[in-house]
Amino acid sequence: MSQESNGAHAHYAATGILERIRAALAALGPQDRPLTPRELGAMDQFHTRGHAATAELAELAGIGPGDRVLDLGCGIGGPARLIAQSRGCRVTGVDLSEGFVEAARYLSLRTGQQDRVEFHCASALELGFADASFDVVLLQHVAMNIAQRDRLYREIRRLLAPGGRFATYDVLRGRGEPHYPAPWAREAGDSFLLDAASTRQAVEAAGLRVLAWRDDTQAAREWAAQLKAAAAAAPSGPATPGLGVVMGPDFPLLAGNHARNLLEGRVEVLMAVFEAARA
Ligand SMILES: C[S@@+](CC[C@H](N)C(=O)[O-])C[C@H]1O[C@@H](n2cnc3c(N)ncnc32)[C@H](O)[C@@H]1O
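Read on for a plain summary of the structure. Computed from a predicted structure; not experimentally measured.

## Focus: helix 5 (residues 78-87)
1) Next: Of all 10 residues that make up helix 5, eight are buried, and the element is covered over most of its length.
2) Next: Among all positions of helix 5, only Gly78, Pro79, Ala80, Arg81, Leu82, Ile83, Ala84 and Arg87 are buried.

## Observations regarding the environment of glycine 99
1) Next: In this structure, glycine 99 sits in helix 6 (residues 98-110).
2) Next: Judged by relative accessible area, which is 12%, glycine 99 ranks as buried.
3) Next: Placed 60 residues apart in sequence, glycine 99 and glutamate 39 show a C-alpha to C-alpha distance of 21 Å.

## What about the nonpolar core?
1) Next: Ranked by internal contacts, the top residues of the largest apolar core, which has 59 residues, are Ile21, Met43, Ile63, Ile76 and Trp184.
2) Next: Among the elements that take part in this core, helix 6 stands out by supplying six residues, more than any other.
3) Next: One finds Leu139, Val142, Ile146 and Tyr153 within the second-largest nonpolar core, a separate group that totals 28 residues.

## Section: helix 8 (residues 196-205)
1) Next: Listed as buried for helix 8 are Thr199, Ala202 and Val203. The arc that holds every buried residue of helix 8, seen down its axis, measures 95 degrees, which confines them to one face. Residues Ala197, Gln201 and Ala205 are exposed on helix 8 and point more than 90 degrees away from its buried face.
2) Next: Check the buried side of helix 8 and you find it contacts helix 7 (149-159), strand 5 (160-173), strand 6 (208-215) and strand 7 (267-276).
3) Next: Among the residues of helix 8, the N-terminal cap falls to aspartate 195, whose side-chain oxygen and the backbone nitrogen of alanine 197 are separated by 3.4 Å.
4) Next: The positive-phi residue at the C-terminal boundary of helix 8 is glycine 207, with phi of around 95 degrees.

## Brief notes about the site of the ligand
1) Next: Looking at the ligand, there are 22 residues lining it, with Phe46, His47, Gly73, Asp95 and Ala124 nearest.
2) Next: Contact distances for the ligand include 2.9 Å between a nitrogen atom and a backbone N or O atom of glutamine 140.
3) Next: Relative to its unbound accessible surface of 590 Å², the ligand loses 99% to contact with the protein.

## Thoughts on unusual backbone geometry
1) Next: At the junction of tyrosine 180 and proline 181, the peptide bond is cis and its omega measures out at 5 degrees in the coordinates.
2) Next: Within the element layout of this structure, proline 181 appears in the loop between strand 5 and helix 8.
3) Next: Even without a glycine there, the phi angle at histidine 141 is positive, about 55 degrees.
4) Next: Considering the arrangement of structural elements, one finds histidine 141 in the loop between strand 4 (134-140) and helix 7.

How each quantity is defined
- Residues numbered from 1 in each chain as written.
- Predicted model: local features only at pLDDT ≥ 70, side-chain atom pairs only at ≥ 80, totals over all residues.
- Heavy atoms only, no water.
- Buried < 20%, exposed > 50% of the residue type's maximum accessible area, 1.4 Å probe, protein only.
- Helix = DSSP H or I, 4+ residues; strand = E, 2+ residues; numbered from the N terminus.
- Core = buried A, V, L, I, M, F, W, Y, C linked by side-chain atoms within 4.5 Å.
- Arc of directions from axis to C-beta.
- Contact = heavy atoms within 4.5 Å.
- Polar contact = N/O pair within 3.5 Å; in protein donor to acceptor, adjacent residues only side chain to side chain.
- Near = heavy atom within 4 Å.
- Areas by Shrake-Rupley, 256 points an atom, 1.4 Å probe, with all protein chains shown as cover.

Below, the structure is given as structure tokens:
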């Protein structure tokens, strides 16, 4: 396993996550009550602006019912479930964390979507899928865990069918060193942020062309300000199961640092869609 995979693997180790999820979901009703992707939204969308950002990325990428979609670094599968439901497509999720993949499968059974989504444990840098297997590849809040960007974007390009889209939503380097621990890394040595220009250069060098480029930093800052206000009003945390169930009891510290980094301009957020050239 590479240096960054080791760091990300330890950070997202998720020991006992299934038990924590089961216990948290008991608050929503009995085990046999079907859940909707929206009910899980506070817990299973592990990125800035949650549900709304996933829906906007899917719209920007023009995902339709016939598309074969791959979600790289899928976490516990929230974006895959939301996109399968809202866009009528099938989604394959891949994540480095065994615990997250197990949780993704369990939650998809609870939402009754096991026929629409599937999950595999693997590194985004070493995928076994054949060339041109997908029409859309999604990457949401994962790139900052990966130092070998050239290799990552080349692998994404390899997996896309001609005319396929790469849809990315990620945290970028801003001005000044971010505060850690952040939601994606405990310390600076496990964080591999690039700025906007370097990100674009690395993706284009892999043979992908920009279709849409949206600086999402202002929307992220507004979300961060709301998060801070909500935390001040209810210091004991949200009443519904949140990301603390996934990442553990110090998640408010990580989320607080993310909000601070956004508000101080230390990180920025990008939403962009690229196209694989047609042969
Ligand atoms: C911040 S979470 C985002 C999860 C999901 N994309 C979402 O938005 O809900 C980052 C995810 O990337 C995964 N990850 C990090 N490095 C990876 C790699 N090299 N290959 C596959 N997954 C990776 C982590 O295990 C984690 O689930």
